[in-house]
Amino acid sequence: EIFRRVNIDPAKIVDQRFPLDSKYLQLIGQMSGKSHRKDLIHLLACDIGRVDVFLTIDQKLINAFASYQSRKGVYQLSIKLMKPSELCSALNMRPIDIPVR
C-alpha cells in the first residue's frame, strides 16, 4: 500500500480505504522521488519496528533525510542514518576492507 501511494502525486496520497498513519505523510511527500521510493519503505519500517540505526552509503538519502528531520512541525523519526564507517567509529571499532572481485 505504501509503495502504491509513493508512486502517486504526494498531494493525493490520502486514501480513506487504506488509512496510513498521518505522521508519515509529510515524509512520504518529501521523499517520494523515484530514487528514494524503496528507501522510504525501509525508513518507515525501521521507525515502526523501533530500529535505532539505518546503515547506508547513499549520501543523497542521508542528505534528504537530514533535510526532512531538520524541518519544524514534522514527525521526527527515531532512526539515525549512518555510514558503516560512522557506526564503526561510534562503537570504537575499526572497519575492515572488503575485497572486491
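Residues numbered from 1 in each chain as written. Predicted model: local features only at pLDDT ≥ 70, side-chain atom pairs only at ≥ 80, totals over all residues. Heavy atoms only, no water.

A separate point is the overall build of the protein. A tally of helices and strands in the protein yields five helices and two strands. Element order for the protein, N to C, with α for helix and β for strand: α-α-α-β-α-β-α. Sequence-distant contacts in the protein: of pairs separated by 6 or more residues, those separated by 24 or more amount to 55%. Taken as a whole, the protein presents about 7200 Å² of accessible surface, with 56% of it coming from carbon and sulfur. (Helix = DSSP H or I, 4+ residues; strand = E, 2+ residues; numbered from the N terminus. Contact = heavy atoms within 4.5 Å. Areas by Shrake-Rupley, 256 points an atom, 1.4 Å probe, with all protein chains shown as cover.)

The subject of this paragraph is helix α4 (residues 59–69). Each α-helix turn comprises 3.6 residues. Residues three or four places apart therefore point the same way. Every buried residue of α4 is accounted for by L61, I62, A64, F65, Y68 and Q69. End-on, the buried residues of α4 take up no more than an arc of 170°, which puts them together on one face. Residues of α4 that are buried sit in contact with α2 (25–30), α3 (37–48), β1 (53–55) and β2 (80–82). (Buried < 20%, exposed > 50% of the residue type's maximum accessible area, 1.4 Å probe, protein only. Arc of directions from axis to C-beta.)

Moving on to the nonpolar core. Counting 18 residues, the largest nonpolar core has L27, M31, L43, F54, L77, I79 and L81 as its most contacted members. Mapped onto this core, the elements with two or more residues apiece are α2, α3 and α4. The contact partners of L27, leaving out residues within four places of it in the chain, are L40, L44, Y68 and L77. (Core = buried A, V, L, I, M, F, W, Y, C linked by side-chain atoms within 4.5 Å.)

So, on to the confidence of the model for the protein. Averaged over the protein, the pLDDT score is 78; the fraction of residues at 70 or greater is 77%. Across the protein, the element-wise mean pLDDT spans from 51 in helix α1 (residues 2–6) up to 93 in β2. (pLDDT = per-residue confidence, 0-100.)

Turning next to unusual backbone geometry. In this structure, R50 takes a positive phi of about 60° despite not being glycine. Topologically, R50 is positioned in the loop between α3 and β1. We classify R50 as exposed; its relative accessible area is 70%. Here the phi dihedral of N92 falls at roughly 55°; this positive angle occurs in a residue that is not glycine. Checked against the element boundaries, N92 lands in the segment after α5 (84–90).

The next point concerns the side chain of D47. Among the secondary structure elements, D47 is positioned in helix α3. Taking relative accessible area as the criterion, D47 reaches 5% and is therefore assigned buried.

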